[in-house]
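Descriptive structure summary
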Amino acid sequence: MATEVLPRLKGKRHRLERPELLAPAGNLEKLKYAVHYGADAVYIGGQKYGLRSNADNFTFDEMREGVEFAARYGAKVFVATNIYAHNEDIEGLEDYLRELEAAGIAAIIAADPLIVETAMRVSPKLEVHLSTQQSTLNWQAVQFWKNEGLPRVVLGRETSLEQIAEIKANVDIEIEAFIHGAMCSSFSGRCVLSNHFTDRDSNRGGCCQSCRWKYDLHVPEQGAVDEEDLFTMGSKDLCMIEHMPALIESGVDSFKIEGRMKSLHYVATVVNAYRQAIDTYFENPDSYELNPAWVEEINKAANRPLNTGFFFDTPGAEDHIYEAEDKAAPYDFAGVVMDYDPATGWATIQQRNHFKPGQEIEFFGPEGFFKQIVGELTDDQGEPLNAARHPLQLVRLRTEHPVRPMDMMRKRINK
Ligand code: SF4
């Protein structure tokens, strides 16, 4: 039976000229919210062969449910299988790939030729997308992978927009590029800091982000250079919301957001902002203007300073974070709307962080947002509460405008 595509999305997705918006989904709930907030495709991790061993990785049952949910919106699900495999990883790979194919996964994202070749041989319905872990940066390397039969290459994050346009001009292949999220301070995928410091292999999903730890500098004979002044080696996060026309016109086919370990609030907020920017551009490219509200939205979820990575220039010292990070997101995720009664104006909220009457909150969803102050608060039986204290607790409050299930509620921090 054909899966129904929601009427509001018909004709909006997967047009050739409109880039795909590809979102991270660390678990099934994040997958559903990413798709609901406008992702055309999501990438997830399974129980094996992925690079986020700490993410809440999907079972095959969860994958099937995610694929079915995404299909209702016309969206696809990809699975990251992008480790560099050792001999002991070979056994079980064929069965794993066949299971992914049977679960309806549209593509795997792979780096190791073992996984690329095996998938093409045993699971022909699974597209194979070359992972950014291969650090592909030039059109002849892209041509090589096209000749191998791959329909898509995820470029290394170190590629400029000019280089991407040149790749697109030379090779007829889908190009996916990271447009938002954390960057490695070393060359993508070629870092062993985590391996050395914690014995956790960053190329097998174990990176513990050692570059963001705080260090002090000891010089032989001198001792500590400045014990007060600790430093980090982390990079600023990538954000291209202010450069949509340049990004679209470079020919990138898939705009990828980083962050399978990030929160539900982060995923929904970032996807929502890029969805609006892309759709606004395609409504009328000539009159497109950046809406400052999209930037504001992104900043509500950003907890590190932002930059444009390698797209316009090679990052310099100002693109790294050497001092203790002082940018805290100004809002915190407070809850999700489960239900709304238009007759009374009361909403049922599932609590995700502490909030209480008198606090400033914002509701937002794919259709817009509004602020209000929390008024009377009750539990789901109508008993008054002086705070929503418990994770996942169902509480009720009156909203100043109608809300919908899957809308989110955030609170201003320190208010
Ligand atoms: S430690 Fe930092 S630079 Fe190295 S792989 Fe992890 S995030 Fe990237």
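As the structure is a prediction and not an experimental result, all values here were calculated from the model. (Residues numbered from 1 in each chain as written. Predicted model: local features only at pLDDT ≥ 70, side-chain atom pairs only at ≥ 80, totals over all residues. Heavy atoms only, no water.)

Backbone geometry at Ser 135 places phi at a positive 50°, although glycine is not the residue there. Looking at where Ser 135 falls in the secondary structure, it is placed in the loop between strand E5 (127-130) and helix H5 (139-147). Although it is not a glycine, Leu 392 sits at a positive phi angle of roughly 70°. (Helix = DSSP H or I, 4+ residues; strand = E, 2+ residues; numbered from the N terminus.)

A separate point is empty space enclosed by the protein. Evaluation of the coordinates by the stated rule reveals one cavity of 30 Å³ or more. Along the wall of the largest cavity there are 13 residues; nearest its centre are Gly 156, Arg 157, Thr 159, Phe 178 and Phe 311. Here the lining of the largest cavity takes three residues from strand E7 (residues 174-181), the largest share from any one element. Class assignment of the residues belonging to the lining of the largest cavity gives a composition of eight nonpolar, three polar and two charged. (1 Å grid on protein atoms, 1.4 Å probe; cavity = no way out; pocket = protein on both sides within 12 Å on 5 of 7 lines; lining within 4 Å. Points joined across faces, edges and corners; volume = space filled by probe spheres on them. Nonpolar A, V, L, I, M, F, W, Y, C, P; charged D, E, K, R; others polar.)

Attention now goes to the environment of Asp 172. Its place among the elements puts Asp 172 in the loop between helix H6 (161-170) and E7. Look at Asp 172 and you get exposed, because its relative accessible area is 68%. Put simply, Asp 172 and Lys 146 are 26 residues apart on the chain and 8.4 Å apart in space, counted from C-alpha to C-alpha. (Buried < 20%, exposed > 50% of the residue type's maximum accessible area, 1.4 Å probe, protein only.)

Another point: the packing of aromatic side chains. Under the criterion given, the structure shown has 13 aromatic pairs. Seen from their ring centres, Tyr 49 and Tyr 96 are 5.3 Å apart, and the 50° between their planes marks the pair as tilted. In this pair, Tyr 49 is assigned in the loop between strand E2 (41-45) and helix H2 (60-72) and Tyr 96 in helix H3 (residues 93-102), connecting sequence segments 47 residues apart. For Tyr 49, a relative accessible area of 8% corresponds to the buried category. Judged by its relative accessible area of 5%, Tyr 96 falls in the buried class. Here the aromatic rings of Phe 60 and Tyr 96 are separated by 5.7 Å at their centres, their planes lie at 50°, and the arrangement is tilted. (Phe/Tyr/Trp six-rings, centres within 6.5 Å; stacked < 30°, edge-to-face > 60°.)

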